[in-house]
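Chain by chain, the residues:
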Amino acid sequence: MNSYEKLHPLAKKLWVIHGIIAAVIVLGSAVAAGFLFKFWWQVLPAAILSIYWVFLWPAWEMAQWRYLVTTEQVETIHGIFFRTHTVIPINRIQHMDIRQGPLQKKFELAKLTVYTAASVHQIPALSMDIAEQITAELGKAILTEEP
Amino acid sequence: MMRYERNHFTSFLQIWILQLKSWVFPLFFMMVSGGKDGAISLLLRFSILGGFLLLLAIYAVVRWSKRGFRLEEGMLYLRDGVFVRKTREVPLSTISTINLSRSLTQRLFGTTELKLDTGHAVGNNTEISLVLSSKRAQEVQSELSAAPQKGEHLSEDEFHSAQGMPSVPKVVQLGSIQNGTLIHAVKPGSLLLAGLTSNAVLAGIAVFFSFYNLMDDLQNLLFPNLTEQLLSGAESLFSNQFFFWRIAQTILMLIGVYAVISSLAAAIGFLIRWYGFRIHKTDRHLIITYGLLQLKQYKLPLDRIQVVHLRQTPLRRIFSSCSLHVESVGYGNEKGEANLLVPYLRTADAKELMGNLVAGFNGQLALERPPKRSWRRYLVRASILPIFVAIPTTFLLSWGGWFWLLLPIGLISGTIAYHTTGFGYDESVVCLKSGGFWSQTTWVRHKGIQSISRNMNPFLRKAHLASVVVGYRGSTMGLSASAAYLEEADVEKLMSLVRFTALPQSKRNAAFQTESHLR
C-alpha cells in the first residue's frame, strides 16, 4: 500500500505570500476607512483575519493536506475543521489539467485539477515535475484501463 | 456520397415564428405609432409589415434548406447555418437518449420532433433536434437505437429485427415499440393524486397564509394607532392610511386566491403533462411515453441507467406512496420536465418494480442504520436553523415568538431524518437514503459512482462517526447522494468497496484475495 503524500513544502511559502497580499488589502482598507470616518472598530476583525491568513491558515493547511495517486485511484484528504477524504477511481476521470498562477510559476508549483462526470477535485500545490509525472502516468493508466 | 436529408418542410414555420417573436415589439410599435405625427400612411405601414414578414419567411426557408442530416456507418452528420456553415459529426454510440415528441401543431402537420442527447447540451436546450414526418422519424429512431452502444456489438438477430421497419399505426402513437412489453402504466386517477401530493398545492396555500399574517403585523408596526383612528370618527375612517391598507389587503387576498388556484391548476397541469404515462421494456431499452397535448417518447438505453431515485414528499409518505426517478443523460432536462420513471405508486410496489425495470437495481436491499449515538446529532443539526431564526424575530416582531414553534418541527424532522437515513450495497449497486419530511433513496450502480467522499468534523471524529457523499453521473454536473452520521468503520468499508469495484476485471480478481474483508 502506498502512503499518502504531503504537498510540496514551498506551498506554505506561497500561501503566506497570498495571505500577506490579502492582509495588506484588507488591513489597508480598514485603516484607510478609519482615517476617513474616524471609526476604528473594523480594524480589529481585519487584524484577526490577517493574522489567520498569514500565520495560521498556511501552516494548518500544509499540516493536514494529504494525497495519494496510484494506478487505480486518486485520493485526497483535506479540511482543517471538516475533514474530507475523497476517492476517485481513475477509470472515472474524464480529463485533468495543470494550472499555474504567476506566483506558482516562480516557485515552480502547480495546481492539479481532476474532472469526473460528476465533480471536480483539486490538489492545490505540487511541484511542476510531479504534477506532470502524475498526469502522464494517469493518462497512460486511463488508456490501458478497460471500461 | 449520400445526400443530406432535410427536416420536414413545415419546420420552416417553426423557424419563422421563432424569428418573428423577437420582432413583435418593434413591428407592433411601428403599426400603432406610424412615425412622427402619423407621417407614415396606413398603406405604407402595412406594406412595410408585409415586406418584413416576407423577408423573415425567406430567411426561414433558406435556413430550413441549409439544415440537414445524414446517417452513415455509425455516424450522424449534421449541417446547419446560412452564412456560417457548421457541420458536426456524432458517433451514434455516444447518443444516450432518443426522444420523440409531438406538439399540437406538429400533430396537425403529421410531423414528429426527434431529439437526441449525447451529454453536451447546455441548460434546458435539446442538443440535436430533427423535425421529420412521423414515419421517417420512426425509421430514424429505429436506426439510431439499433446502433451498438460503446463496447457492445449487435447480435445477428438484433440487427435483423432492427431492419424490419414498422408500419405507421393508425392510433396516435409516437414510435413503434418492437418486442417491447408493457411494464407499467399509470392511471389518470393516480396521476391526479400525484399532482395533489406533489408540493405545489401545499406551497401555494402556505405562501398565502404567511403573506396575510405578515400584512397584519406590518400594519401594527407601521401604524400602531390605526384601530383607534378607525374607531374615533368618520373623518379618520376615510383617511389615506385606511384606504392604503384596505387596498393592500385586497391585493394580498387576490394573490392568495391566485396562489391556491394556480396550485390546483398545477395539479391539473401535472395530469395533462404526464397523461397516459407508460413504460415499455425491450431487450436493450426502456421506452417511456406520456403526454396529452404534447406527446413525448423517450428511449433510454438500459445499460446507461446508472442511478435510480425513490422520492417521497410528506403527503406521499402518509399515503405510503412515492415517485421513481432515473438519471440518464438527456432525460428530464428540458424546461418543465422531470426525470420521472414512475410518477406515482405505492412504495412497496416501487421497490419490486425497480428490479424489473432495470436489472441489478435491488429495491429490497436491506439498509444499515446510523448508530443510536448519532440521533442527537440529527436533532442538533435540525434545530440550528429554527433557533437562529427564532431568536432575532422574537426581539424584532411582536408575533416573532411564534417562530419557536419551528423548533419542535425541526426536532421532529431531525428524528425522522435519523430514522430515514441508511445505506446498503450489494454486488451491483450502492444505496443511500436520507432526508427528513422529504426523503430520497438513491441507488447507484457501481459503474456510475464517480467519486466517494467521507466527511468528518472534530466531534464526529471523536465519536467515530462520518458522513458519506457519493458523486454520480446524471443530466447535470455535480450530482451526489449522501448519508450523514454513519459508523466511521461502515463508511470506510463503503470506500474500500468503491476502490475495489472501480478496478478493471483482471485486477479485481487478483485483489479479491487480499480484500476479502469486503464481503
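It should be noted that the structure appears before, not after, this text.
Along each chain, residue indices are assigned from 1 in the same order as the chain's sequence is written. Numbering of ligands from 1 and lettering of chains from A proceed in the order in which they are written. Per-residue local features are limited, in this predicted model, to residues with pLDDT of at least 70; the limit for side-chain atom pairs, both in listing and counting, is 80 or more; totals at the level of whole chains, interfaces and linings are taken over all residues. To obtain the side-chain values, all non-hydrogen atoms of the structure were included, while hydrogens and water were left out.

Asks: It is not clear to me how the overall build of chain B should be interpreted in this structure. Could you clarify?
Replies: The way it works is that DSSP assigns letters per residue, a run of H or I at least four long becomes a helix, a run of E at least two long becomes a strand, and they are numbered from the N terminus. The helix and strand inventory of chain B stands at 17 helices and 20 strands. When accessible area is computed with a 1.4 Å probe and restricted to protein chains, residues below 20% of their type maximum are described as buried, those above 50% as exposed, and intermediate ones as partly exposed. Residues counted as buried form 45% of the 519 residues belonging to chain B. Any two residues having at least one pair of non-hydrogen atoms within 4.5 Å are treated as being in contact. In chain B, once contacts between residues fewer than 6 apart in sequence are set aside, the share between residues at least 24 apart is 58%. Computed with a 1.4 Å probe, the accessible areas rest on the Shrake-Rupley method; for each residue, only the protein chains presented here act as cover. Counting only carbon and sulfur atoms, one obtains 65% of the accessible surface of chain B, whose full area is about 27000 Å².

Asks: Can you walk me through the overall build of chain A in this structure?
Replies: The secondary structure content of chain A amounts to four helices and six strands. Its helices and strands in sequence order give chain A the pattern α-α-β-β-β-β-α-β-β-α, from N to C terminus. If one aligns the C-alpha atoms of chain A with their principal axes, the spans along those axes are about 70 × 30 × 25 Å. The buried share among the 147 residues of chain A stands at 40%. Taking contacts inside chain A between residues at least 6 apart in sequence as the whole, the part at least 24 apart equals 47%. Here chain A displays about 8200 Å² of accessible surface, and carbon together with sulfur accounts for 67% of that area. His is not counted here, nor are the chain ends, while Lys and Arg score as positive and Asp and Glu score as negative. A single reference atom marks each charge: NZ on Lys, CZ on Arg, CG on Asp, CD on Glu. The positive charge centre, built from 12 side chains, and the negative charge centre, built from 11, are 15 Å apart in chain A.

Asks: Sorry, what's going on with helix α13 (residues 375-396) of chain B here?
Replies: Helical geometry: 3.6 residues make up each α-helical turn, so side chains three or four residues apart lie on a common side. Residue and element names in this part refer to chain B. Helix span, expected: 1.5 Å multiplied by one less than the number of residues in the helix. When the terminal C-alpha atoms of α13 are compared, their 33 Å separation across 22 residues agrees well with the 32 Å that a helix rising 1.5 Å per residue should span. Throughout, the bend at a residue refers to the angle made by two axes, fitted to the seven residues ending there and to the seven starting there. The axis of α13 is deflected most strongly, by about 30°, at Ser-383, and proline Pro-386 appears within four residues downstream. Taken as a whole, α13 has its buried residues at Arg-377, Tyr-378, Ala-382, Ser-383, Pro-386, Ala-390 and Thr-393. In the core, the buried residues of α13 are packed alongside α14 (406-420), α15 (458-463), β19 (465-472) and β20 (480-487).

Asks: Help me out: how do you make sense of the sheet that holds strand β15 (residues 422-425) of chain B in this one?
Replies: As a general point, the strands of a sheet are linked pairwise by backbone hydrogen bonds and lie either parallel or antiparallel. Residue and element names in this part refer to chain B. Reading across from one edge, β14-β13-β12-β17-β16-β15 is the order of the six strands in this open sheet, with antiparallel pairing throughout. Both outer strands of the open sheet, β14 (340-346) and β15, are each paired with one neighbouring strand and no more. Sheet twist, expressed as the mean angle between neighbouring strand axes with direction ignored, is 15°. Strand pairing is defined by DSSP finding a minimum of two bridges between the two strands. Pairing analysis gives four bridges linking β15 to strand β16 (residues 429-435), with the strands arranged antiparallel. Bridging from a neighbouring strand, Gly-422 pairs with Lys-433 of β16. Only the contacting stretch of a helix is used when fitting its axis, a line to C-alpha atoms as for every element, and angles between N-to-C directions run 0 to 180 degrees.

Asks: Where do I start with the state of the cysteines in this structure?
Replies: By definition, a disulfide is the covalent link that joins the sulfur atoms of two cysteine residues. Residues and elements named next belong to chain B. In this description, the term disulfide denotes a pair of cysteine sulfurs within 2.5 Å. Considering all chains together, one arrives at zero disulfides over all chains under this definition. No disulfide involves Cys-322; its nearest neighbouring cysteine sulfur is the one of Cys-431, lying 13 Å away. Taking the relative accessible area as the measure of exposure, Cys-322 reaches 0% and is therefore buried.

Asks: Explanation requested: the interface of chain B and chain A in the structure shown.
Replies: Many analyses report the size of an interface as the accessible area lost when the parts associate. Taken residue by residue, the interface counts 29 residues in chain B and 26 residues in chain A. In what follows, salt bridge is the name for a side-chain nitrogen of Lys or Arg lying within 4 Å of a carboxyl oxygen of Asp or Glu. For the pair chain B and chain A, the interface holds one salt bridge. With a shortest N-O distance of 2.5 Å, Glu75(A) and Arg499(B) are connected by a salt bridge. Polar contact criterion, stated in full: a pair of N or O atoms within 3.5 Å, where within protein one must be able to donate a hydrogen and the other to accept it, and residues adjacent in sequence count only if both atoms are side-chain atoms. Across the contact surface, chain B and chain A share ten residue pairs in polar contact (both at pLDDT 80 or more). Among the secondary structure elements, those contributing two or more residues to the side of chain B that touches chain A are β18 (449-456), α15, β19, α16 (488-501) and α17 (505-514) of chain B. Of the residues forming the side of chain B that touches chain A, the biggest block, eight residues, is contributed by β18(B).

Asks: It is not clear to me how the environment of Leu76(B) should be interpreted in this structure. Could you clarify?
Replies: Residue and element names in this part refer to chain B. Tracing the chain through its elements places Leu-76 in strand β3 (residues 75-80). A residue is classified by how much of its surface remains accessible, and Leu-76, at 1% relative accessible area, is buried. For the pair formed by Leu-76 and Glu-352, sequence separation is 276 residues and the distance between their alpha carbons is 38 Å. Residues in contact with Leu-76, not counting those within four places in the same chain, are Phe-69, Arg-70, Leu-71, Arg-88, Glu-89, Val-90, Leu-92, Leu-116 and Ile-128.

Asks: For this particular structure, what's the right way to read a nonpolar patch on the surface?
Replies: Residues and elements named next belong to chain B. Where nonpolar side chains cluster on the molecular surface, the patch consists of Leu-104, Leu-192, Leu-196, Leu-264, Ile-268, Ile-272, Tyr-275, Leu-292 and Leu-293 and spans about 740 Å² of accessible area. Those elements that place two or more of their residues in the nonpolar patch are α6 (188-197) and α10 (240-274). Sort the elements by how many residues they give to the nonpolar patch and α10 lands first, with three residues. Distance thresholds for patches are 9 Å for like charges and 5 Å for nonpolar side chains (Val, Leu, Ile, Met, Phe, Trp, Tyr), applied to residues having over 30% relative accessible area and no salt bridge.

Asks: How do you make sense of the side chain of Gln104(A) when you look at a structure like this?
Replies: All names here are of chain A. Relative to the helices and strands, Gln-104 resides in helix α3 (residues 102-107). Polar contacts involving the side chain of Gln-104 include one to the main-chain amide nitrogen of Gly-101, which spans 2.7 Å. Setting aside chain neighbours within four positions, we find Gln-104 in contact with Leu-14, Arg-99, Leu-109, Lys-111 and Pro-124.

Asks: Which parts of the structure should I look at to understand the packing of aromatic side chains?
Replies: Each pair of aromatic rings is reported with the distance of its centres and the angle of its planes. For this analysis, a ring pair means two rings from Phe, Tyr or Trp (six-membered ring only for Trp) whose centres lie within 6.5 Å, classed as stacked if their planes differ by under 30 degrees, edge-to-face if by over 60, and tilted for the remaining angles. Counting across every chain of the model gives 14 aromatic pairs over all chains. Relative to Phe459(B), the ring of Phe81(A) lies with its centre 6.5 Å away and its plane at 80°, an arrangement referred to as edge-to-face. You can see Phe81(A) sitting in the loop between β2 (73-78) and β3 (83-89) and its partner Phe459(B) sitting in helix α15, one on each of two chains. Feature note: the residues Phe270(B), Trp274(B), Phe277(B) and Tyr290(B) constitute an aromatic cluster, connected by ring pairs. A ring has a charge above it when a Lys NZ or an Arg CZ is no more than 6 Å from the ring centre and no more than 35 degrees off the ring normal. If you follow Arg6(B) out to its NZ or CZ, it ends over the ring of Trp64(B), 5.5 Å from the centre. One Lys or Arg, Arg369(B), reaches over the ring of Tyr418(B) and ends 5.0 Å from the middle of that ring.

Asks: What's the story with the side chain of Arg79(B) in this structure? I'm lost.
Replies: Residues and elements named next belong to chain B. With respect to the element layout, Arg-79 can be found in strand β3. Nearest to the buried, unbridged Arg-79 among oppositely charged side chains is Asp-80, at 7.7 Å. A distance of 3.5 Å separates a polar atom in the side chain of Arg-79 from the backbone oxygen of Ser-65. Polar contacts involving the side chain of Arg-79 include one to the main-chain carbonyl oxygen of Lys-66, which spans 3.2 Å. When neighbours within four sequence positions are excluded, Arg-79 is seen to be in contact with Tyr-4, Ser-65, Lys-66, Arg-67, Gly-68, Arg-85, Lys-86 and Thr-87.

Asks: Where do I start with the sheet that holds strand β4 (residues 93-99) of chain A in this structure?
Replies: Residues and elements named next belong to chain A. Strand order in the open sheet made by the three strands is β4-β5-β6, with antiparallel pairing throughout. On the outer flanks of this sheet lie β4 and β6 (120-127), each paired with one strand and no other. Pairwise comparison of adjacent strand axes, ignoring direction, gives a mean angle of 20° for this sheet. In terms of strand pairing, strand β5 (residues 109-116) meets β6 through six bridges, oriented antiparallel. Pairing of Val-114 across the sheet is with His-121, part of β6.

Asks: Explanation requested: the environment of Ile134(A) in the structure shown.
Replies: Residue and element names in this part refer to chain A. Of note, Ile-134 is situated in helix α4 (residues 128-144). Separated by 117 residues in the primary sequence, Ile-134 and Ile-17 place their C-alpha atoms 26 Å from one another. What Ile-134 contacts, discounting residues up to four positions off in sequence, is Tyr-67, Val-69, Leu-112 and Leu-126.

Asks: Please explain the nonpolar core as it appears in this structure.
Replies: Soluble globular proteins tend to bury their nonpolar side chains together. Residues and elements named next belong to chain B. Side-chain atoms within 4.5 Å link the members of a nonpolar core, which is a set of buried Ala, Val, Leu, Ile, Met, Phe, Trp, Tyr and Cys residues. In this structure, Leu-286, Ile-288, Leu-324 and Leu-341 are the most contacted members of the largest nonpolar core, which totals 36 residues. Among the elements that take part in this core, β14 stands out by supplying five residues, more than any other. Discounting chain neighbours no more than four positions away, the residues touching Leu-341 are Phe-277, Ile-279, Leu-286, Ile-288, Leu-324, His-325, Val-326 and Leu-357.

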